[in-house]
Amino acid sequence: MHKADLKTYFNNHSSIGADMYNMLTDLFPINRSITGEGVRETLNYIKRFVPELSIHSIPTGSTVFDWKIPKEWIIRSAYIEDKSGKKILDIKENNLHLVGYSIPIDKWMSLKELNKFLHSLPDQPDAIPYITSYYEARWGFCLTELQRKRLKDIDYHVVIDSELKSGVLNYADIVIPGRSKKEVMLSTYICHPSMANNELSGPVVATMLIKWLLSLKNRFYTYRVIFIPETIGSIAYLSEHLEHLKDYVVAGYNISCVGDDKSFSFLPSRDGKTLSDRAALHALKYIDPNFKTYTWLDRGSDERQYCAPGIDLPISSIMRSKYGEYPEYHTSLDDLSFVTAGGLLGGFEAIQKAIKIIERNKVYKTRIKCEPQLGRRGLYPTLSIKKQTEHVKIMMDFLSYCDGKSDLLAISELIEQEFETIVPFVERLLNYSIIEELVDE
Amino acid sequence: MHKADLKTYFNNHSSIGADMYNMLTDLFPINRSITGEGVRETLNYIKRFVPELSIHSIPTGSTVFDWKIPKEWIIRSAYIEDKSGKKILDIKENNLHLVGYSIPIDKWMSLKELNKFLHSLPDQPDAIPYITSYYEARWGFCLTELQRKRLKDIDYHVVIDSELKSGVLNYADIVIPGRSKKEVMLSTYICHPSMANNELSGPVVATMLIKWLLSLKNRFYTYRVIFIPETIGSIAYLSEHLEHLKDYVVAGYNISCVGDDKSFSFLPSRDGKTLSDRAALHALKYIDPNFKTYTWLDRGSDERQYCAPGIDLPISSIMRSKYGEYPEYHTSLDDLSFVTAGGLLGGFEAIQKAIKIIERNKVYKTRIKCEPQLGRRGLYPTLSIKKQTEHVKIMMDFLSYCDGKSDLLAISELIEQEFETIVPFVERLLNYSIIEELVDE
Amino acid sequence: MHKADLKTYFNNHSSIGADMYNMLTDLFPINRSITGEGVRETLNYIKRFVPELSIHSIPTGSTVFDWKIPKEWIIRSAYIEDKSGKKILDIKENNLHLVGYSIPIDKWMSLKELNKFLHSLPDQPDAIPYITSYYEARWGFCLTELQRKRLKDIDYHVVIDSELKSGVLNYADIVIPGRSKKEVMLSTYICHPSMANNELSGPVVATMLIKWLLSLKNRFYTYRVIFIPETIGSIAYLSEHLEHLKDYVVAGYNISCVGDDKSFSFLPSRDGKTLSDRAALHALKYIDPNFKTYTWLDRGSDERQYCAPGIDLPISSIMRSKYGEYPEYHTSLDDLSFVTAGGLLGGFEAIQKAIKIIERNKVYKTRIKCEPQLGRRGLYPTLSIKKQTEHVKIMMDFLSYCDGKSDLLAISELIEQEFETIVPFVERLLNYSIIEELVDE
């Protein structure tokens, strides 16, 4: 789509949620992991929507800070069958049936032996757990507790046709330039197979945010959006870009768990008081007054790397149902029925709202001593009345804090008004040269 | 009165409240506005009590920051009569009947036409509203809803014998020197016609405070008290004195709504933590534990100018029923029955208490390492007892914070004692050279 | 005992409480005051347990800041008898019967006359009050209200064989060197006769703490423990050592009222945020979640001197039932039945816990950018699971704050874990060179 078309699309946005849900449905069956064909297939799918996306690769064995890029995992097939050739489990049915990064095996074994390699959840008998073993050679199968109970005391044929070989770790990024070299960074992860909220909602919402950012005609900030495998990917990305990111990133979000339609959640950066935190808290307060605020101790995604001591990027998270906090998390129940078009749209709009605040947040200073005479500019009623109208009050309250110290976001909190409510007043006062923007770069 | 007489007067103060109420009664009928004869008459009346008062004038058209001094308003008569010559409304009965700054008119018109120029309050059917139009040429009459309902569908003769001409804006001030050049500033406004709490209580209490300040034999601070029309007056005063005020004013109050006998109110400066704020909060806490604290968002008088960005004077407000918060506000119901001698006395004493704190607030430092041996100075019981007496505890608590950093007001909050309770201990410890005053200028 | 024996003793600590109770029982009958034979006898008794203790003396009349060292008080006998020679009161029965520092007298007097010199507590009819008059020449007797009511309207023979003469004020101290010259200071007082919680618990617990500190093979801090008479002793000690203490003392406690088995109490330093305050609050939170926090306004022991303005040592107090807050305080009811072996042990262990925190509190910084790969070091599970195990979470939380700014105690508060829970993780991470200690001296 051309930029003009995109603008129309986002202004009228009736299909944004449905479009995201469709992308998610397309991506769901792919067998992603931290490396391998599933990752490339996913990134290439996203590139169809965002041709400007760059896909990168880092060779197996490369050192990234304290870590080494692991071997690439190739998985061709994996199943368990009985003597009759009947498939008891098969990843063709659900990618979660196989422990991620399983080594190859082809062997007959008793149920007793097999049981050592099976994982199920007694408390959630109809859920297949999601389990991986990236950094130790292992194999295993995951199944529901109900499936497990149906297994008989016979011999089973276990087949995993996989390979761990020197290859690459893939990730993608895009840098969307703005007037300023300062950056807002969005990060999401593409390593989870066949789960919907955690995690396909993140890549899907991030893709839609890229399209929206590209549609903006006059961006202030430069935007960097990255699609990486969780943990090893963010560590690798930081090891390649740390100095640049430390110099330029002023705000950003880790995008994860933004697809269901339950209430909103917020997880702060380690610092807790960055522009990202402030913008997210303000946005969520006006979207969902009952949003749940977590603390740094509840962290669990790539903010662990972005906010690590010495890294200290201002990255927080706006989520819907947070990872680790909903029963379907990291099981086969986090499926296409757990997320909705409306849920994805809500996740998209919440992050969009925070970005709009960041984009528009400036410091202003009055150019006039004392209150300006707004009446002669048509900005103030000329007939005195017993009670000020609401919009005059907002404008006067804003002006009273317009001291060149507090930014617009701080003032909106001080005067208890939503950020976007104040913006038109700012524009008007700028037009009348009553205030001026303080420029800091 | 001589200073000695004044001292006796304030020490025995039985008639302070009644004297203020009498002044207020004398001033009530004068038709004040932001300019004109009513202002001069009011200032000259006050000058009879305070001969040292200087009355100033600024010519029409003078630029004061973003504003221009408006034309002077002369009002000779204003009424509405019917064909029979019967006066339906007349400002001889109540100054509020005329919209302030009304332009002249002499015209017969139908009720339908007249209605466009009438103002009443359906929710307060027996109240005449107070309405002005200083900066746009208009005319209008105000009346009670009951009066309005009695009007008939006939023609009325509308007469306003007024004039808007080049003239002056008047204000008055007095500077009462103290040992220090640092100033405490009190400001009140003299532009409201025929309303009692808001606003004649302010000028009347300010006048009494001047008399009290003049009676003090050994003032530390210099006191500046100004009588101005609201908004345009404070802007004009600041435009003439800004540099001086920024250099010298350390505290001060806007005096308004100090005449009724309901509970007390506090409105902070924009900063909220100035000496004025701290002294007012401490004073009010001990006068009326249930006083109501407003925020900067509730402001509405000349603190809007004094605390504007870049002006930043430390001006807060101690009030009784705050403007905008009582039903009688800005109507004919804010009359001589709404204020009382006791109410005015309470308003006077509250500001007086805050000024006494400011005047007496110093930083002290112990001259002795560890606790001094107070017993040998007769300041401590020589017989040990199970529980310290209250007054010894206050003295020891004060001394324990006497570190040259916290001022007396801060210590009184730390040790949970009223400021004036501590003062005698300070005097005693100074006399014994156990502590010394840190002088900062 | 040798150091090795001491180590065993403290590791197995079954008899620590009983041993302290026995010491307290031995010391109880001695007639202590701020000077005199009772003090020396007490210090010599303690020296039997701590031969390294230095006993010092300051001559009568020496100037210590604002005070002079008083005359030494010698008390040989004191009693009241009737004509039949029957002793009505005798300090042989209870040292508290005599007002401390009583001047000599040998006189017959009527009950009416005698009554002026008698002290009892009508509200606590079975308690002898503890009363002194160090700085004014007086005499007097203390008795229970019940005893007083039994007195008859006859003449009594009052005998006090005492003497106030030039002599010395005694105190003792010990400096236990550590790797650092920085000091932790413990102070307790030895001037109270025949009361158990306030005050023999302090010297007894301080003695046990010295033995424990001597048993530590690798102390970081230097420890200074002082045994002084209250008030005059701490003032004298400060006048002799102020510059050194200000340069070196980083934390410390006044040890008093640590012998009963009721709940714990905390009294902060004047500053309230010193390392001593933080360590005590952390320790108490994990010992007794219902411990009572007092404020500086509740102070009453030698912290009055240690935290005085210009002295500003970081001394707070960990107590059980605080002086002044329990009915038995400063009466004969604060006796050997009020304190227990368990109570003393609890007091000892609470201060020991705070000292262990201070001793072990350091600032660490991660040596690795982003999270380290703990799995390859065996510190992290290699199989992903739905929920982190508690001990992995603690380690990761600790690491996430390991930024070279927050000390270990601050981090333990941030991650809501007890200090001693974190220490083993710190050791492990140090061993793996994942973190390093920042050394500040």
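Refer to the structure above for everything that follows.
Quick look at the structure, then. Quantities reported herein were computed from a predicted structural model and do not represent experimental measurements.

1. Quick notes on the interface of chain B and chain A
How big an interface is tends to be expressed through the accessible area that disappears when the partners come together.
Then, in step 1: The interface is formed by 31 residues belonging to chain B together with 24 residues belonging to chain A.
Then, in step 2: With both sides pooled, the region where chain B packs onto chain A buries about 2300 Å², and carbon together with sulfur makes up 51% of that total.
Then, in step 3: Three residues stand out in chain B for area buried against chain A, namely D66, L297 and P309 of chain B, and they jointly supply 30% of the buried area on that side.
Then, in step 4: Counting across the interface, chain B meets chain A through 5 salt bridges.
Then, in step 5: Between R377 of chain A and D66 of chain B there is a salt bridge; the shortest N-O distance is 2.8 Å.
Then, in step 6: Here chain B and chain A share 12 residue pairs in polar contact (both at pLDDT 80 or more) between them.
Then, in step 7: Considering each element in turn, the side of chain B that touches chain A owes the most residues, 3 residues, to helix 7 (residues 232-248) of chain B.
Then, in step 8: For the side of chain B that touches chain A, the per-class residue count stands at 17 nonpolar, 7 polar and 7 charged.

2. Description of the pattern of salt bridges
Then, in step 1: This structure, assessed with the given rule, holds 57 salt bridges over all chains.
Then, in step 2: For the salt bridge of R40 of chain B with E37 of chain B, the shortest nitrogen-to-oxygen distance reads 3.2 Å. Of this pair, R40 of chain B and E37 of chain B are both found in helix 3 (residues 37-49), 3 residues apart, which corresponds to roughly one turn of the helix.
Then, in step 3: In this structure E37 of chain B comes out as exposed when scored by relative accessible area, which is 51%.
Then, in step 4: Across the pair R270 of chain C and D312 of chain C runs a salt bridge, and its minimum N-O distance is 2.8 Å.

3. Some remarks on the interface of chain A and chain C
Then, in step 1: With 31 residues of chain A at the interface, the matching set in chain C holds 24 residues.
Then, in step 2: Overall, the association of chain A and chain C removes approximately 2300 Å² of surface from exposure, summing both partners, and the carbon and sulfur fraction of that is 51%.
Then, in step 3: Summed over the three residues of chain A that lose the most area to chain C, namely D66, L297 and P309 of chain A, the buried surface amounts to 30% of that side.
Then, in step 4: Here chain A and chain C share 5 salt bridges between them.
Then, in step 5: At the boundary of chain A and chain C, one finds 12 residue pairs in polar contact (both at pLDDT 80 or more).

4. Some remarks on a positive patch on the surface
Then, in step 1: A cluster of like positive charges, contributed by K246 of chain A together with K365, K369 and K405 of chain C, occupies part of the molecular surface.
Then, in step 2: Relative to the helices and strands, K405 of chain C resides in strand 18 (residues 403-407).
Then, in step 3: Judged by relative accessible area, which is 67%, K405 of chain C ranks as exposed.

5. Structural notes on the sheet that holds strand 17 (residues 363-366) of chain C
All names here are of chain C.
Then, in step 1: Overall, antiparallel pairing links the 3 strands, which are arranged 18-17-19 in an open sheet. Lying at the two open borders of the sheet, with one neighbouring strand each, are strand 18 and strand 19 (435-438). Adjacent strand axes in the sheet meet at a mean angle of 30°, parallel and antiparallel pairs treated alike.
Then, in step 2: Sheet topology places strand 17 next to strand 18; 2 bridges connect them, and they run antiparallel. Looking at the pairing, V363 lines up with D407 of strand 18.

6. Quick notes on unusual backbone geometry
Residues and elements named next belong to chain B.
Then, in step 1: For the peptide bond that leads from N198 to E199, omega is 25°, which places it in the cis range.
Then, in step 2: Look at C257: it is not a glycine, yet its phi comes out positive at around 55°.
Then, in step 3: Positionally, C257 belongs in the loop between strand 13 (249-254) and strand 14 (265-267).
Then, in step 4: For C257, a relative accessible area of 0% translates into the label buried.

7. Considering the packing of helix 2 (residues 16-27) of chain C against helix 3 (residues 37-49) of chain C
Residue and element names in this part refer to chain C.
Then, in step 1: Where helix 2 contacts helix 3, the axes come no closer than 11 Å and their chain directions differ by 150°. By the criterion of interaxial angle, the relationship of helix 2 to helix 3 is roughly antiparallel. Note that helix 2 runs across helix 3; the crossing there is right-handed. Between helix 2 and helix 3, the residues in contact are N22, M23, D26 and L27 and T42, Y45 and F49, respectively.

8. Structural notes on the pairing of strand 17 (residues 363-366) of chain A
Residue and element names in this part refer to chain A.
Then, in step 1: Of the two faces of strand 17, only one is covered, namely that formed by Y364 and T366; the face formed by V363 and K365 stays uncovered.
Then, in step 2: Two strands pair when backbone bridges link them, and strand 17 and strand 19 (residues 435-438) are joined in this way by 4 bridges, in the antiparallel orientation. Bridge assignment links Y364 to a residue of strand 19, and that residue is E437.

9. Brief notes about the relation of the copies chain A and chain C
Then, in step 1: When chain A is brought onto chain C, the operation consists of a screw motion whose angular component is 120° and whose axial shift is 0.1 Å, with 0.1 Å RMSD remaining. What the rotation and shift describe, once combined, is the action of a three-fold rotation axis. Every residue of chain A has its C-alpha some distance from the rotation axis, and the shortest such distance is that of K273 of chain A, at 13 Å.

10. Quick notes on the environment of D302 of chain A
Residues and elements named next belong to chain A.
Then, in step 1: Turning to its location among the elements, D302 is positioned in the loop between strand 15 (292-293) and helix 9 (303-306).
Then, in step 2: Aside from chain neighbours lying at most four places away, what touches D302 is Y189, I228, E230, T231, S234 and N254.
Then, in step 3: Side-chain polar atoms of D302 contact the side chain of S234, separated by 2.8 Å.

11. Considering helix 13 (residues 419-431) of chain C
Residue and element names in this part refer to chain C.
Then, in step 1: The end-to-end C-alpha distance of helix 13, which contains 13 residues, comes to 19 Å, matching closely the 18 Å that a straight helix rising 1.5 Å per residue would cover.
Then, in step 2: Those residues of helix 13 not exposed but buried are F419, I422, V423, F425, V426 and L429.
Then, in step 3: If you follow the buried residues of helix 13, they end up packed against helix 8 (275-287), helix 10 (341-360), strand 17, helix 11 (390-400), helix 12 (408-414) and strand 19.
Then, in step 4: Two residues or fewer after helix 13 comes S433, characterised by a positive phi angle close to 55°.

12. Details of the sheet that holds strand 19 of chain A
Residues and elements named next belong to chain A.
Then, in step 1: A sheet is described by the order of its strands in space; here 3 strands give the open sequence 18-17-19, paired in antiparallel fashion. The open sheet has two free edges, formed respectively by strand 18 (403-407) and strand 19, since each of these has just one partner strand. Averaged over all neighbouring strand pairs, the angle between strand axes comes to 30°, with direction disregarded.

13. Structural notes on the environment of V99 of chain C
Then, in step 1: Within the secondary structure, V99 of chain C is located in the loop between strand 5 (87-90) and strand 6 (105-110).
Then, in step 2: Its relative accessible area of 1% is what places V99 of chain C among the buried residues.
Then, in step 3: Considered as a pair, V99 of chain C and P129 of chain C are 30 residues apart in the sequence and their alpha carbons are 9.2 Å apart.
Then, in step 4: When neighbours within four sequence positions are excluded, V99 of chain C is seen to be in contact with L383 of chain B together with W73, H119, I131, T132, S133, G140, F141 and C142 of chain C.

Quick notes on the rules
Residues numbered from 1 in each chain as written. Chains lettered and ligands numbered in written order. Predicted model: local features only at pLDDT ≥ 70, side-chain atom pairs only at ≥ 80, totals over all residues. Heavy atoms only, no water. Contact = heavy atoms within 4.5 Å. Buried area = accessible area lost by both parts, 1.4 Å probe. Salt bridge = Lys/Arg side-chain N within 4 Å of Asp/Glu carboxyl O. Polar contact = N/O pair within 3.5 Å; in protein donor to acceptor, adjacent residues only side chain to side chain. Helix = DSSP H or I, 4+ residues; strand = E, 2+ residues; numbered from the N terminus. Nonpolar A, V, L, I, M, F, W, Y, C, P; charged D, E, K, R; others polar. Buried < 20%, exposed > 50% of the residue type's maximum accessible area, 1.4 Å probe, protein only. Patch = residues over 30% accessible without salt bridge, like charges linked within 9 Å, V, L, I, M, F, W, Y side chains within 5 Å. Areas by Shrake-Rupley, 256 points an atom, 1.4 Å probe, with all protein chains shown as cover. Lys, Arg positive; Asp, Glu negative; His and termini not counted. Charge placed at Lys NZ, Arg CZ, Asp CG, Glu CD. Pairing = 2+ DSSP bridges. Axes fitted to C-alpha atoms, helices over the stretch in contact; angles between N-to-C directions. Parallel < 35°, antiparallel > 145°, perpendicular 65-115°, else oblique. Left-handed = near helix turned anticlockwise from the far one by under 90°. Least-squares fit on C-alpha atoms with pLDDT ≥ 70 in both. Expected span 1.5 Å × (residues − 1).

The values are spatial; any link to function lies outside them.
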